Amino acid sequence: PGEIDVASYTADLTERFRNRALRYRLAQIAEDGAQKLLARILAPLRELRRAGQPHPGLSFVVAAWLRTGQGRDENGRAIEFEDPGPAGLPRDPDAQAADIVGRWMRHAPIFGDLASDAALLSEVAEIYAAIRARGVRAAAAERHGREGRG
């Protein structure tokens, strides 16, 4: 994967969401997240891990998806979305980060061989804990710098 100008991408995406003619619903965007994760995140994550290359953004996306899957937003409000991928997986937003990450990432249909990667599980658990403790924006700023780079 080539370098992405995260600041430009974020600005473009923000502009797109402000366009009222595009009737995006956040719930619609979140639907079937497991399938999107498989194709758009986990495939390149595998490639980068095999090549020994860094992948901080991809690990962050995995942690954020796992946190969303717990069914509460950063303010403790319930969030609902359609995603049959993690059906039957435990929702326990107050469990230890390593427990949630371990249980969810060992769900073979979604994560497959990545579930046995102890270093990846540890990295994702660390990010998950930061998201839960400080919120996704603060965790991203800490991890990727003010402009989302890194």
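The following refers to the structure shown. Keep in mind that this is a model prediction, so the values were computed, not measured.

Moving on: the packing of aromatic side chains. Tallying each qualifying case throughout the model produces 2 aromatic pairs. Ring geometry for Trp65 versus Trp104: centroids 5.6 Å apart, planes at 70°, classification edge-to-face. Here Trp104 lies in helix α5 (residues 97–105) and Trp65 lies in helix α4 (residues 56–68), a separation of 39 residues in the sequence. Given the relative accessible area of 11%, Trp65 is considered buried. Judged by relative accessible area, which is 2%, Trp104 ranks as buried. Joined through ring pairs, the aromatic side chains of Trp65, Trp104 and Phe111 make up one cluster.

Let us now look at α4. Taking 1.5 Å of rise per residue, the 13 residues of α4 would be expected to cover 18 Å, and the 18 Å separating its terminal C-alpha atoms lies within 8% of that figure. When we look at burial in α4, the residues that qualify are Leu58, Ser59, Phe60, Val62, Ala63, Trp65, Leu66 and Arg67.

Definitions and limits used
- Residues numbered from 1 in each chain as written.
- Predicted model: local features only at pLDDT ≥ 70, side-chain atom pairs only at ≥ 80, totals over all residues.
- Heavy atoms only, no water.
- Phe/Tyr/Trp six-rings, centres within 6.5 Å; stacked < 30°, edge-to-face > 60°.
- Helix = DSSP H or I, 4+ residues; strand = E, 2+ residues; numbered from the N terminus.
- Buried < 20%, exposed > 50% of the residue type's maximum accessible area, 1.4 Å probe, protein only.
- Expected span 1.5 Å × (residues − 1).

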